[in-house]
Amino acid sequence: MTGGDRKGTHINKILASAAEALGIPLGTGSIRIALEHEELSYLFNLRSEAPTVPIFGNIGAVQLAHCDWSKLNRLVEQLKFSALAVHCNPGQELFQEEGDRDFRGIKDKLAAFIAQAPFPVIVKETGFGFAPDELAFLASIGARYIDVAGKGGANWILIEGWRSGTIDAAYEFADWGYSTAEMLEKSPKQGILLASGGIRTAHDVIVALGLGAVACGIALPIFRAVLSGGTAGVIEYVSQLAATVKKKMFLAGCKSVQELSRPGVIEKNPDVGLTQWTIIRTL
Ligand SMILES: Cc1cc2nc3c(=O)[nH]c(=O)nc-3n(C[C@H](O)[C@H](O)[C@H](O)COP(=O)(O)O)c2cc1C
């Protein structure tokens, strides 16, 4: 989620220690600053806190299109990242005052980057999800790992609108994008799907796994757990969530994540009632 300055590095080290204790992967925030200033790459060096769990580095698709790939490949190797996540965040770039808005040729560059990358590449959104044709495109260019990162959780247009004083325009995008469940349900299932975006409860985790995701990612609640309880706070939050997931799996008669996709384990509720209504998050 973060990194690149003292505070971000401190948070990353907390996240890394918690991830190692829990035995779960961790994704950093964008490593752009380390690309532009190689002397700052140490800020993303998390292997002393998390020597064994997978760590995913992160870079924006817009920045990827315009940077030196040999430098980027070297950085991923130096930092001992297990994979690189490339984030697509056009909504955020539009509302961020200092956003990069030159989107020309991004799809071709992404395809070429994946073809030459000596490590696994995860392509992810950042909270608005991918359109069905985009999901198919990503699978077609060999993005074996796609994090759908749908709407329903952190909304970066609202955050940037709030930061830049354009919150009224940003509110028009309060419900923008594709929901995590919708994408998982409709995806061509060619790539390996990861689910993030609004995953908050054990119920969300089980439904996402039942719809075919191989793993779930959580950002905002973990960030809040860091701020309120540090490493112990994150361990407590994730442990509680995992324990509840296991209880629900037991009661649903499922011994493995794979069994969650069995017909009849989860089904769409025809009487959606209140859940059809959206509560706008103001953060
Ligand atoms: C504090 C914070 C920082 C984030 N920074 C990044 C980032 O640098 N790169 C990225 O791909 N996503 C970033 N995200 C987006 C998350 O990866 C995720 O896609 C999004 O927040 C939706 O998940 P959530 O609903 O669990 O928060 C960030 C999210 C948060 C809350």
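Please refer to the structure higher up on the page.
Scope of this entry: the structure provided in the associated data block. Worth saying up front: this structure is predicted, and the values here are computed from it rather than measured.

### A word on the packing of helix H11 (residues 202–210) against helix H12 (residues 220–251)
Helix-helix packing is described using two parameters, namely the angle between the two axes and the distance between the axes.
Piece 1. Across the interface, H11 lies against H12 with an axial gap of 9 Å and an inter-helix angle of 60 degrees. When the axis of H11 is compared with that of H12, the two are oblique. The handedness of the crossing between H11 and H12 comes out as right-handed. Only Leu241, Thr244, Val245, Lys248 and Met249 of H12 make contact with H11, whose side of the interface consists of Ala202, Val205 and Ile206.
Piece 2. For the contact of H11 with H12, a count of residues per class yields 6 nonpolar, 1 polar and 1 charged.

### Focus: the environment of alanine 139
Piece 1. By the secondary structure assignment, alanine 139 is in helix H7 (residues 132–140).
Piece 2. On the basis of neighbour counts, which here come to 19 C-beta atoms within 10 Å, the residue alanine 139 falls in the partly exposed class.
Piece 3. The spacing of alanine 139 and glutamate 259 is 120 residues in sequence and 24 Å in space, taken between C-alpha atoms.

### Focus on the sheet that holds strand E5 (residues 145–147)
Piece 1. The sheet built from 7 strands is open, its strands ordered E1-E2-E3-E4-E5-E6-E7 with parallel pairing. Looking at strand neighbours, the two that pair on one side only are strand E1 (26–27) and strand E7 (215–217), the edges of this open sheet.
Piece 2. As paired strands, strand E3 (residues 83–87) and strand E4 (residues 121–124) are joined by 4 bridges and run parallel to one another. Residue valine 86 lies in a different strand from E4, and its bridge partner there is valine 123.

### Section: the site of the ligand
Piece 1. Near the ligand lie 21 residues; those nearest to it are Gly29, His87, Gly153, Ala154 and Ala219.
Piece 2. Residue assignment for the shell around the ligand shows that the elements contributing at least two residues are E3 and H12.
Piece 3. Split by residue class, the shell around the ligand holds 9 nonpolar, 11 polar and 1 charged.

### Considerations on the environment of leucine 209
Piece 1. Relative to the elements of secondary structure, leucine 209 occurs in helix H11.
Piece 2. Along the primary structure leucine 209 and glutamate 259 are separated by 50 residues, whereas in three dimensions their C-alpha atoms are 9.5 Å apart.
Piece 3. Setting aside residues up to four positions removed in sequence, leucine 209 forms contacts with Cys216, Val257 and Leu260.

What counts and how
By convention here, each chain's residues receive numbers from 1 onward along its written sequence. Under the rules for a predicted model, residues below a pLDDT of 70 receive no local features and side-chain atom pairs below 80 are neither given nor counted, while totals for whole chains, interfaces and linings still include all residues. Fitting a line to C-alpha atoms yields each axis, with helices limited to the stretch in contact; the angle taken between N-to-C directions then spans 0 to 180 degrees. The way it works is that DSSP assigns letters per residue, a run of H or I at least four long becomes a helix, a run of E at least two long becomes a strand, and they are numbered from the N terminus. Angle categories are assigned with fixed cut-offs, so that under 35 degrees is roughly parallel, over 145 is roughly antiparallel, 65 to 115 is roughly perpendicular, and the rest are oblique. Handedness of a crossing follows from how the near helix is turned relative to the far one, being left-handed for an anticlockwise turn of less than a right angle and right-handed for a clockwise one. Whether two residues are in contact is decided by their C-beta atoms, placed from the backbone, lying within 7 Å. Under this grouping Gly is polar, as are all residues other than the nonpolar Ala, Val, Leu, Ile, Met, Phe, Trp, Tyr, Cys and Pro and the charged Asp, Glu, Lys and Arg. Residues are called buried when their C-beta atom has 20 or more other C-beta atoms within 10 Å, exposed when it has 12 or fewer, and partly exposed otherwise; all C-beta atoms are positioned from the backbone. When DSSP locates at least two bridges between a pair of strands, those strands are taken to pair. Placing the C-beta atom from the backbone, one calls a residue near a molecule or strand if that atom lies within 6 Å of it.

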